[in-house]
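# Secondary and tertiary structure notes
Take a look at the letters that make up each chain.
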Amino acid sequence: MTDTAQSPLLIDGKATSQKIMAALATRVEALKSAHGITPCLATILVGDDPASATYVKMKGKACERVGMRSERYALPNDTTTDQLAALIDELNGRDDLHGILLQHPVPKQIDERHCFDAIALAKDVDGVTTWGYGRMAMGEPAFESCTPKGIMRLLDEYNVPIEGAHAVVIGRSAILGKPMAALLLNRNATVTIAHSKTRDLPALVRQADIVVAAVGKPRFVKGDWLKPGAWVMDAGYTQGNIGDVDFDAALPIVAGITPVPGGVGPMTIAMLLESTVVAAEKMVG
Ligand SMILES: NC(=O)c1ccc[n+]([C@@H]2O[C@H](COP(=O)([O-])OP(=O)(O)OC[C@H]3O[C@@H](n4cnc5c(N)ncnc54)[C@H](OP(=O)(O)O)[C@@H]3O)[C@@H](O)[C@H]2O)c1
């Protein structure tokens, strides 16, 4: 691992996502002109959580920016599992919709796993189904969970050596930590997954060439936990825009780090759009 501690790189997810979106706009235009197809993402929001509503709105606006369509479905707080699954079933059957995003979290009375798994594999552009996860973990083609996919893309964009590196992923959620670990493992990293029951986390993180922070606790990872020259990918996003890593303390130590905001976040949306475009392209062969 190169020790570039003297000149840490700011891993710019905003600029990288803009490049990806520009390329996507070209692919969308090609689908329209060659096949008369406009890629379309259906978003489903259940309840009135303001943060979730903002995320869904951002995703819809991003679709517009690359020339895609999006359809928003807003369901009331008291929606049942059966009602939500019925909507997903209806959307699965529509040829003019290419991706379905069910915004997490859903109200407590809903069986979220059942509803995620109701999404057709071909439209699981957010990588949330059990079947899609299994294929991804096996290294088979599948739509990958968007945040880990975006982190992998950033690592590649910045030529971060992955093979043989020790990656410590802090967090094991189904949408982030677990698929992140699987993607890194598929690229021959040596992966440790840490969680709330992990003992002596600082000592573990000090061994890491790559640290992925996916905890959801502001400035949780301290500067003195980091090995000089480590690459730090901060997926955390709490209290508006505070990451999981103490950025100012980490910066002088690391080889590169994602800022919050402007790091992992914009990549997540770009990956969602990219997967939806791929889903539309697959429809036309
Ligand atoms: N940038 C984006 O696009 C994007 C997308 C998704 C999520 N996020 C952000 O990423 C963060 C994590 O999201 P999530 O959905 O994965 O959260 P989550 O479901 O709450 O999972 C958090 C994970 O952190 C672990 N954890 C909690 N306290 C810990 C501790 N003291 N030491 C070590 N591990 C600990 C938990 O361990 P246990 O499993 O043992 O409870 C859990 O696995 C949040 O800030 C979220 O907003 C960002």
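In what follows, the structure referred to is the one given above.
Cut-offs used in this document
Residues numbered from 1 in each chain as written. Predicted model: local features only at pLDDT ≥ 70, side-chain atom pairs only at ≥ 80, totals over all residues. Heavy atoms only, no water. Helix = DSSP H or I, 4+ residues; strand = E, 2+ residues; numbered from the N terminus. Rg over C-alpha atoms; globule rule 2.2 N^0.38 Å. Buried < 20%, exposed > 50% of the residue type's maximum accessible area, 1.4 Å probe, protein only. Contact = heavy atoms within 4.5 Å. Areas by Shrake-Rupley, 256 points an atom, 1.4 Å probe, with all protein chains shown as cover. Salt bridge = Lys/Arg side-chain N within 4 Å of Asp/Glu carboxyl O. Pairing = 2+ DSSP bridges. Axes fitted to C-alpha atoms, helices over the stretch in contact; angles between N-to-C directions. Parallel < 35°, antiparallel > 145°, perpendicular 65-115°, else oblique. Left-handed = near helix turned anticlockwise from the far one by under 90°. Nonpolar A, V, L, I, M, F, W, Y, C, P; charged D, E, K, R; others polar. 1 Å grid on protein atoms, 1.4 Å probe; cavity = no way out; pocket = protein on both sides within 12 Å on 5 of 7 lines; lining within 4 Å. Points joined across faces, edges and corners; volume = space filled by probe spheres on them. Core = buried A, V, L, I, M, F, W, Y, C linked by side-chain atoms within 4.5 Å. Disulfide = S-S within 2.5 Å.

Assigned secondary structure in the protein consists of 10 helices and 9 strands. For 285 residues, the compact-globule formula gives about 19 Å, and the C-alpha radius of gyration of the protein, at 19 Å, lands near that figure. For the protein, the C-alpha atoms occupy an extent of roughly 50 × 45 × 35 Å along the three principal directions. By residue count, 50% of the 285 residues in the protein fall in the buried class. In the protein, the share of contacts with a sequence separation of at least 24, taken over all contacts with a separation of at least 6, comes to 71%. Carbon and sulfur atoms form 54% of the exposed surface of the protein, whose accessible area is close to 13,000 Å².

Throughout the structure, instances matching the rule amount to 11 salt bridges. Between Arg27 and Glu281 there is a salt bridge whose closest N-O contact spans 2.9 Å. Note that Arg27 is positioned in helix 1 (residues 13-35) and Glu281 in helix 10 (residues 264-283), a separation of 254 residues in sequence. Residue classification places Glu281 among the partly exposed positions, given a relative accessible area of 24%. Three or more residues are tied together by salt bridges with common partners; here these are Arg69, Glu71, Arg94 and Asp96.

With that settled, consider the sheet that holds strand 9 (residues 256-257). Hydrogen bonds along the backbone pair up the strands of a sheet, which may run parallel or antiparallel. With parallel pairing, 6 strands are arranged side by side in an open sheet as 1-9-8-7-5-6. Single-partner strands in this sheet number two, and they are strand 1 (9-10) and strand 6 (190-194). Bridging between strand 1 and strand 9 involves 2 bridges; their strand directions are parallel. Across the sheet, residue Leu9 finds its bridge partner in strand 9, namely Gly256.

It is the contact of helix 1 with helix 10, at a shortest axis distance of 9 Å, that shows an interaxial angle of 20°. With respect to helix 10, the element helix 1 is oriented roughly parallel. The two elements helix 1 and helix 10 cross, and the hand of that crossing is left-handed. Mapping the contact onto sequence places Gly13, Lys14, Thr16, Ser17, Ile20, Met21, Leu24, Arg27, Val28 and Leu31 in helix 1 and Pro266, Met267, Ala270, Met271, Leu273, Glu274, Val277, Val278, Ala280 and Glu281 in helix 10. Classifying every residue of the contact of helix 1 with helix 10 gives 13 nonpolar, 3 polar and 4 charged.

So, on to the layout of surface pockets. The computed volume of the largest pocket comes to approximately 1,400 Å³. Lining of the largest pocket is provided by 50 residues; of these, Tyr55, Thr147, Tyr237, Gly265 and Thr268 occupy positions nearest its centre. For the lining of the largest pocket, the secondary-structure elements that each account for two or more residues are helix 1, helix 2 (50-65), strand 4 (99-102), helix 4 (112-118), helix 6 (146-157) and helix 10. Looking at which element gives the most residues to the lining of the largest pocket, the answer is helix 2, with 8 residues. Along the lines of polarity and charge, the residues of the lining of the largest pocket split into 26 nonpolar, 15 polar and 9 charged. In this structure, the second largest pocket encloses a volume near 210 Å³. Leu121, Ala122, Lys123, Phe143 and Lys282 are, among the 14 residues lining the second largest pocket, the residues nearest its centre. Counting residues per element, the ones that place at least two in the lining of the second largest pocket are helix 5 (130-137) and helix 10. When residues in the lining of the second largest pocket are grouped by element, the largest group, 4 residues, is from helix 10.

Right, let's get into the nonpolar core. Grouped together as the largest cluster of nonpolar side chains are 50 residues, with contacts concentrated most on Met68, Ile151, Leu155, Leu184, Ile210, Val212 and Leu273. Those elements that provide at least two residues to this core are helix 1, helix 2, helix 6, strand 5 (166-170), helix 7 (177-186), strand 7 (210-213), strand 8 (231-234) and helix 10. In terms of residues, this core owes the most to one element, helix 10, which gives 10 residues. In this view, Leu184 contacts Met152, Leu155, Ile162, Ala167, Val169, Ala189, Val191 and Val212; residues no more than four positions away in its chain are not counted. With 19 residues, the next largest nonpolar core counts Ile44, Ile100, Ile110 and Val128 among its residues.

Counted according to the given criterion, the structure contains 0 disulfides. Looking at Cys63, it has no disulfide partner, and the nearest cysteine sulfur is the one in Cys40, 7.4 Å off. Owing to a relative accessible area of 0%, Cys63 belongs among the buried residues under this scheme. Here Cys115 is not disulfide-linked; the sulfur of Cys146 is the nearest cysteine sulfur, at 19 Å.

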